[in-house]
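Chain by chain, the residues:
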Amino acid sequence: VPLSNSSEASPSFLLAGLPGLEGLQCWLSIPLCSAYVVAVAGNGAVLLAVRLEPGLHAPMYLFLCMLAAVDLALATATVPRTLSFYWFDSREIGLGACLLQMFLIHALSAVESAVLLAMAVDRYVAICHPLRHAAVLTNGTTAKVGLLALARGVIFFLPLPLLLLPLPFCGPRALSHSFCLHQDVMNLACANTTPSVVYGLTAILLVMGLDALLICLSYVLILRAVLRLAAWRERLKVFSTCIAHICVVLAFYVPLIGLSVVHRFGKDLAPLVHVIMGNVYILVPAVLNPIIYGVRTKQIQRRILSLIHVTDR
């Protein structure tokens, strides 16, 4: 019998643990907790380094701060709740908390996608139109782009939980991830979900899909400009300024595509694969992004090392 959210018992969902490894969940949560600590420390260090280093108050590094803030928010919206399940067996999550978490995951992912696109445009202008770079991408313009990215994420993905809220859900309401995703929750509804399916697919294509295409277009134009340079050494020097951004783009889109493929074609896969892919999607960008830019940016390295040195003293 469908259990509607208008009934006395409010609908709730069961988060997915580690199927077949329930007895080891407490121990296996240690890598997850460690990755979260690394993500918080790394992204926090990047934010602090850019804040304290005047030489980094430039559009590329302000975009990097936005990326770090989004990664922190996305990891914090999911990992602590997952750890509470692994440590205290708190598996049940209410409808309201689930829909809020779902909205945050999708909206913040859209913001991250927009920031990655803005960083690609920054690289394009810096390489293809270097004389116009300072005039086109000012700090004020960068702040406006960040606000637009946030507004777009909220506007496009706020309808997702609103479309699911009135639907009845049938038991058992077991999710296939350790957090709430739109498609996962939607599949548990025992009502017509066509509007939710159509809107969800449209939002993903118009946001992440369009961003990915524009990022690819930016790099096609960058490659064309780089290949016009006469010397190979000069080509490599110019293109090396894009390496960190390319790695960050791959760290975001490869897990996103992998998770989408698992949802679409992975019905016969072991449930553990769904759980692992979900955690990879949330944590890989948050862990890798500060490492990538920390390695590639000498100013960030120096500022972080100086902060560590001061703390040690």
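Note that the coordinates shown come from a computational prediction; the quantities given were computed from them, not determined experimentally.

> Could you give me a rundown of the environment of Asn192, with the residues and numbers involved?
As for its placement among the helices and strands, Asn192 is situated in the loop between α7 (182-186) and α8 (194-227). Sequence separation between Asn192 and Pro168 is 24 residues; the distance between their C-alpha atoms is 9.8 Å. Separated by 2.7 Å, the side chains of Asn192 and Thr194 make a polar contact.

> Talk me through the UniProt feature "domain: G-protein coupled receptors family 1 profile" (unreviewed entry) in the chain; I want residue IDs and the actual numbers.
UniProt records the feature "domain: G-protein coupled receptors family 1 profile" (unreviewed entry) at residues 42-293, using the numbering of this structure. Measuring from the first to the last C-alpha atom of residues 42-293 gives 10 Å, for a span that is 78% helix and 1% strand.

> Provide a residue-level description of the environment of Arg123, including the pertinent values.
Summarising the element assignment, Arg123 is placed in helix α3 (residues 95-128). Considered as a pair, Arg123 and Glu53 are 70 residues apart in the sequence and their alpha carbons are 21 Å apart. Setting aside residues up to four positions removed in sequence, Arg123 forms contacts with Met60, Tyr219, Ile222, Thr241 and Cys242.

> Talk me through the packing of aromatic side chains; I want residue IDs and the actual numbers.
With the rule as written, the count across this model stands at 4 aromatic pairs. Summarising the aromatic geometry, the rings of Phe85 and Tyr86 are spaced 5.4 Å apart at their centres and angled 45 degrees between planes, so their arrangement reads as tilted. Ring plane angle 85 degrees and centroid distance 4.9 Å describe the contact between Phe252 and Tyr253, whose orientation is recorded as edge-to-face. A single burial state applies to Phe252 and to Tyr253, both of which are buried.

> Quick rundown of the UniProt feature "transmembrane region" (unreviewed entry) in the chain? Include the residues and the values.
In the numbering used here, UniProt assigns the "transmembrane region" (unreviewed entry) feature to residues 27-49, 61-79, 99-121, 142-165, 197-226, 238-260 and 272-295. Along residues 142-165 the backbone is 92% helical and 0% strand, and the end-to-end C-alpha distance reaches 35 Å.

> Tell me about the state of the cysteines, and please be specific about residues and values.
Enumeration over the complete set of coordinates arrives at 1 disulfide. At a sulfur-sulfur separation of 2.0 Å, the disulfide partner of Cys98 is Cys180. Its S-S torsion of approximately -120 degrees makes the covalent link between Cys98 and Cys180 left-handed. Here Cys98 is found in helix α3, whereas its partner Cys180 is found in the loop between α6 (159-164) and α7, with 82 residues between them in sequence. By relative accessible area, which is 0% here, Cys98 ends up buried. Cys216 forms no disulfide, and the closest cysteine sulfur to it belongs to Cys242, at a distance of 13 Å. The exposure class assigned to Cys216 is partly exposed, which follows from its relative accessible area of 49%. Free of any disulfide, Cys242 has its nearest cysteine sulfur in Cys128, 8.8 Å distant.

> How would you sum up the layout of surface pockets? Please name residues and give values.
For the largest pocket, the calculated volume is near 1,300 Å³. Lining the largest pocket are 44 residues, with Gln183, Ile204, Leu259, Ser260 and His263 positioned closest to its centre. If you list the elements that add at least two residues to the lining of the largest pocket, you get α3, α7, α8, α10 (243-265) and α11 (271-296). For the lining of the largest pocket, the element with the most residues is α10, which contributes 13 residues. The class makeup of the residues in the lining of the largest pocket is 29 nonpolar, 12 polar and 3 charged. The calculated volume of the second largest pocket comes to roughly 210 Å³. As for the second largest pocket, its lining consists of Leu18, Leu21, Leu28, Pro31, Leu32, Tyr86, Leu272, Ile276, Asn279, Val280 and Leu283. Here the residues of the lining of the second largest pocket are counted per class, giving 10 nonpolar, 1 polar and no charged.

> Talk me through a nonpolar patch on the surface; I want residue IDs and the actual numbers.
On the surface, a nonpolar cluster with roughly 420 Å² of combined accessible area is contributed by Leu24, Trp27, Leu28 and Ile30. If you trace the backbone, Leu24 turns up in the loop between β1 (12-14) and α1 (25-52).

> I'd love a proper account of the environment of Tyr124, names of residues and values included.
Within the fold, Tyr124 resides in helix α3. One polar contact links Tyr124 to His129, side chain to side chain, over a distance of 3.2 Å.

> Mind laying out the packing of α1 against helix α2 (residues 59-88), listing which residues take part and the relevant values?
Contact geometry for α1 and α2: axes closest at 9 Å, N-to-C directions at 160 degrees. The orientation of α1 with respect to α2, classified from their angle, is roughly antiparallel. As α1 runs across α2, the sense of the crossing is left-handed.

> Provide a residue-level description of unusual backbone geometry, including the pertinent values.
Despite not being glycine, Asp89 has its phi angle at roughly 60 degrees, a positive value. Mapped onto the secondary structure, Asp89 falls in the loop between α2 and β2 (92-94). A relative accessible area of 61% places Asp89 in the exposed class.

The rules behind each value
Residues numbered from 1 in each chain as written. Predicted model: local features only at pLDDT ≥ 70, side-chain atom pairs only at ≥ 80, totals over all residues. Heavy atoms only, no water. Helix = DSSP H or I, 4+ residues; strand = E, 2+ residues; numbered from the N terminus. Polar contact = N/O pair within 3.5 Å; in protein donor to acceptor, adjacent residues only side chain to side chain. UniProt positions renumbered as here; feature names shortened; annotations may be inferred. Contact = heavy atoms within 4.5 Å. Phe/Tyr/Trp six-rings, centres within 6.5 Å; stacked < 30°, edge-to-face > 60°. Buried < 20%, exposed > 50% of the residue type's maximum accessible area, 1.4 Å probe, protein only. Disulfide = S-S within 2.5 Å. 1 Å grid on protein atoms, 1.4 Å probe; cavity = no way out; pocket = protein on both sides within 12 Å on 5 of 7 lines; lining within 4 Å. Points joined across faces, edges and corners; volume = space filled by probe spheres on them. Nonpolar A, V, L, I, M, F, W, Y, C, P; charged D, E, K, R; others polar. Patch = residues over 30% accessible without salt bridge, like charges linked within 9 Å, V, L, I, M, F, W, Y side chains within 5 Å. Areas by Shrake-Rupley, 256 points an atom, 1.4 Å probe, with all protein chains shown as cover. Salt bridge = Lys/Arg side-chain N within 4 Å of Asp/Glu carboxyl O. Axes fitted to C-alpha atoms, helices over the stretch in contact; angles between N-to-C directions. Parallel < 35°, antiparallel > 145°, perpendicular 65-115°, else oblique. Left-handed = near helix turned anticlockwise from the far one by under 90°.

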